[in-house]
Every structure is written in C-alpha cells, then in structure tokens.
Amino acid sequence: MHKGCLLLVGLGLHPGQCTLEALAALKVADVVFAQAGEPDMLAWVCAQNANTHSLQDHYAGHSTRLDAYEAMAEAMLAPVRQGMRVCAAFYGHPGVFVSPSHMARTRAHAEGLVVMMLPGVSAEDCLYADLGVDPGGRGVQSYEARDFFVHARAIDVCAPLILWQPAVVDEAAQSGFCSRAGALTALAAALQEIYPGDHDVVLYEAACCAQEPARIEHVRLDRLGCAEIAQETTLFVPALFAPKPAPARQALMARALAQTMS
Ligand SMILES: C[S@@+](CC[C@H](N)C(=O)[O-])C[C@H]1O[C@@H](n2cnc3c(N)ncnc32)[C@H](O)[C@@H]1O
C-alpha cells in the first residue's frame, strides 16, 4: 500500500466473506473508515485495526443523505492528502449502491491522489447462492426500487428482476427518514402493472452471520404491501416466461455468415 492512498474495500455481509486482499488492506492502513452495517461487523473491523472510525456517525448532523455522503467522502480523503494510507471498508461490495465510495474515488482521481477499489461479496452475490439463481440462465435486471418506481423502467418479464432498497422506495426516505405507510403498496401496484397479482416474489435477506440462515420469504405480489420489510431486504421477482427466440435474428446471423464466406 503506497503512502498517501485510498483503498476502498468490501467486507462482504459477514467477516467470513471478507477477501484476503481486503483484510490485508485493513491491517496495514494508518487509518480505517468503516460503514460496516451490523455492530458485530464494526467490532470485527476494529479488531483488525485499532485506528478505525465509523462512517455511520456522519449521518447525525446532516439533514440530507447527500450532505452526509459528502462529509464521509471528505473524511476519507483528508488523511490521504496528508500522506496517510487510508482504507475505507463498506459492507458488501464497496462499489455497489455505495455513494460515498464513488464520490471519494471521483474526487481522489480529480486531485491526482492514488485510489483503488477492491471488489467484495455483495448482497446480489449472496442472492445468487441462496436462491439458486444463475444470471447466465435468463439474464437479470437489477434496479434500485425507487429508480424503478419513479422512472417506470421498461422491464423484460422473461428475465428475473432484483429490486434493491425497497424499504426506502418513498421519497421521504431519500432524505433520511423512513418510508411512509403505503409506500410498499405503491411499489406492489407498480409491479402489478407488469406482473399478475398472484406472481410469487421473494423477500430476501442474506445471513449477516455465518451460522444464521438467510430470510427467504415467498409472498404473492398482491400481498406485498402488507409484508414486513427491513433496510436490508432485497426484493426478487422471478421471470414470468422463458424468452422466445427471434426468427429475425436467426436470419441476420445466416446473412452475416454467408457474407463472410462469400
Ligand atoms: C446501501 S445498499 C448496500 C449494498 C452493499 N454495498 C452490497 O454490496 O450488497 C443497501 C441495500 O442492499 C441490500 N442488502 C443489504 N444487506 C442485505 C442483506 N443482508 N440481504 C439482502 N440484501 C441486502 C438491500 O437491498 C439494502 O436495501
């Protein structure tokens, strides 16, 4: 690790998923900043490096999430500018739905500072393992729930859909508050514009401790509004149909192959 550098690393969802390179970065850093999710995870990071500071504290004292993210990015970069080796550790993958890490990386690049992001095990990786889903089968669509809701994304019902952060689908939740009652019902109604009400969807929570089971709760789409969801819930919507081959593409391939051979 160079002097005056920022390493953005992922912790996985529990310490057993922390990669060897992330662990090495934690241990040699002059200072560690952590957004660890669970208190046990933060305690584990502190055990690797005594000079660990929680980024969570930046939520207090800022009225919007964006302000808090700005403060986190600045907290990470200040010691780098002084020539320190900084490791910023985030639960899951450090580049997956983690605004402060991307902000810090962009600013570090702009200032000519040394910065690197190391991949980690994300909630989506755990979902593939726990639900037995292979994105190589029918593909996968992955959206932040509010992004899906607000932009009315064009959804392919022949591929599964992963919706992140359904607990903060409400606009109010974006500025740091919880979703208002009824927000999940609105999300369920938006999904029922695409899928039938009896479509089986999954509320998924990967285990945050190696010994615990994941939460895999099946619920009909038209009952989703009444379901219990937490900050860490991800919504999985299975595909409705298998994709159909497009004859026009077969003809396209045949023409291209024929032209190449002639
Ligand atoms: C701010 S994002 C952080 C994602 C994280 N960086 C990752 O790589 O998995 C928070 C969202 O990730 C998902 N998530 C976090 N923990 C999870 C868990 N234990 N099981 C399933 N999804 C989880 C949920 O959709 C949650 O709303």
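Residues numbered from 1 in each chain as written. Predicted model: local features only at pLDDT ≥ 70, side-chain atom pairs only at ≥ 80, totals over all residues. Heavy atoms only, no water.

Overview of the overall build of the chain
Summing up its helical and strand segments, the chain has 10 helices and 10 strands in all. Reported as C-alpha extents along the three principal axes, the dimensions of the chain are approximately 60 × 60 × 35 Å. Taken across its 262 residues, the chain has 44% of its residues classed as buried. For the chain, restricting intrachain contacts to residue pairs at least 6 apart in sequence, the fraction spanning at least 24 positions comes to 64%. Working note: accessible area of the chain is about 13500 Å², and carbon and sulfur atoms make up 56% of it. With 17 positive and 27 negative side-chain charges, the chain shows a separation of 7 Å between the mean positions of the two kinds. (Helix = DSSP H or I, 4+ residues; strand = E, 2+ residues; numbered from the N terminus. Buried < 20%, exposed > 50% of the residue type's maximum accessible area, 1.4 Å probe, protein only. Contact = heavy atoms within 4.5 Å. Areas by Shrake-Rupley, 256 points an atom, 1.4 Å probe, with all protein chains shown as cover. Lys, Arg positive; Asp, Glu negative; His and termini not counted. Charge placed at Lys NZ, Arg CZ, Asp CG, Glu CD.)

A closer look at the site of the ligand
Neighbouring the ligand are 19 residues, the closest being H93, A123, A206, Q231 and T234. Here an oxygen atom of the ligand sits 2.7 Å away from a polar atom, N or O, in the main chain of H93. At 2.7 Å, a backbone N or O of A123 approaches an oxygen atom of the ligand. Expressed as a share of its isolated accessible area of 580 Å², the protein-covered part of the ligand is 93%. The residues that make up the shell around the ligand include at least three from each of domain 1 (5-117) and domain 2 (123-237). (Near = heavy atom within 4 Å. Polar contact = N/O pair within 3.5 Å; in protein donor to acceptor, adjacent residues only side chain to side chain. Domains from an automatic or database assignment.)

Details of helix α9 (residues 183-191)
Since the α-helix packs 3.6 residues into each turn, any two residues three or four apart lie on the same face. Buried within α9 we find A183, L184, L187, A188, A190 and L191. The buried residues of α9 occupy an angular sector of 160° when the element is viewed end-on, so they sit on one face. Packing partners of the buried residues in α9 comprise α7 (145-151), β7 (161-164) and β10 (234-237). (Arc of directions from axis to C-beta.)

Description of the packing of helix α1 (residues 20-28) against helix α2 (residues 39-48)
Close contact between α1 and α2 brings their axes to 8 Å; oriented N to C, the two are set at 60°. Here α1 lies oblique to α2, going by the angle between them. Listed contacts from α2 to L23, L26 and K27 of α1 are W44, V45 and Q48. (Axes fitted to C-alpha atoms, helices over the stretch in contact; angles between N-to-C directions. Parallel < 35°, antiparallel > 145°, perpendicular 65-115°, else oblique.)

Digging into the sheet that holds strand β3 (residues 52-54)
Sheet architecture is open: five strands sit in the order β3-β2-β4-β1-β5, paired in parallel fashion. At either end of the open sheet lies a strand with only one pairing partner, and these are β3 and β5 (114-117). Strand-to-strand, the axes of this sheet are offset by a mean angle of 20°, without reference to chain direction. Where strand β2 (residues 31-35) and β3 come together, three bridges link them in parallel fashion. Across the sheet, the residue bridging to V32 is T52, located in β3. (Pairing = 2+ DSSP bridges.)

Observations concerning the side chain of E124
Checked against the element boundaries, E124 lands in helix α5 (residues 123-131). Among buried charged residues, E124 stands out as having no salt bridge; its nearest opposite-charge side chain is R153, 13 Å away. For E124, the side chain forms a polar contact with the side chain of Y128, separated by 2.5 Å. Engagement of the side chain of E124 in a polar contact is seen with the side chain of S142, the distance being 3.0 Å. If near-sequence neighbours (up to four positions away) are discounted, E124 is found in contact with V140, S142, I162 and W164. (Salt bridge = Lys/Arg side-chain N within 4 Å of Asp/Glu carboxyl O.)

Observations regarding helix α10 (residues 247-261)
For α10, built from 15 residues, the straight-helix expectation of 21 Å at 1.5 Å per residue is met to within 8% by its first-to-last C-alpha distance of 21 Å. α10 sits mainly on the outside: zero of its 15 residues count as buried. (Expected span 1.5 Å × (residues − 1).)

What about the domain arrangement of the chain?
Once the domains are mapped, the chain shows domain 1 (5-117) and domain 2 (123-237). The interface of domain 1 with domain 2 comprises nine residues on the first partner and 16 residues on the second. Taking both sides of the interface into account, the surface hidden between domain 1 and domain 2 amounts to around 960 Å²; carbon and sulfur atoms contribute 65%. The largest contributions to the domain 1 side of the interface with domain 2 come from L13, R65 and F97, which together make up 60% of the buried area. The tally of links between domain 1 and domain 2 comes to zero salt bridges. Across the contact surface, domain 1 and domain 2 share zero residue pairs in polar contact (both at pLDDT 80 or more). (Buried area = accessible area lost by both parts, 1.4 Å probe.)

Focus: the sheet that holds β10
The pairing of strands in a sheet comes from backbone hydrogen bonds and takes either a parallel or an antiparallel form. On the basis of which strands lie adjacent, the open sheet formed by five strands has the order β6-β7-β10-β8-β9 and mixed pairing. Edge positions in the sheet fall to β6 (141-144) and β9 (215-220), since each has one partner strand and no second. Strand after strand, the sheet turns through a mean of 20° between neighbouring axes, direction not considered. Pairing between β7 and β10: three bridges, direction antiparallel. Pairing of L163 across the sheet is with L235, part of β10. Where α5 meets the sheet, it contacts β6, β7, β8 (200-205), β9 and β10, and its direction lies at approximately 120° from that of β8.

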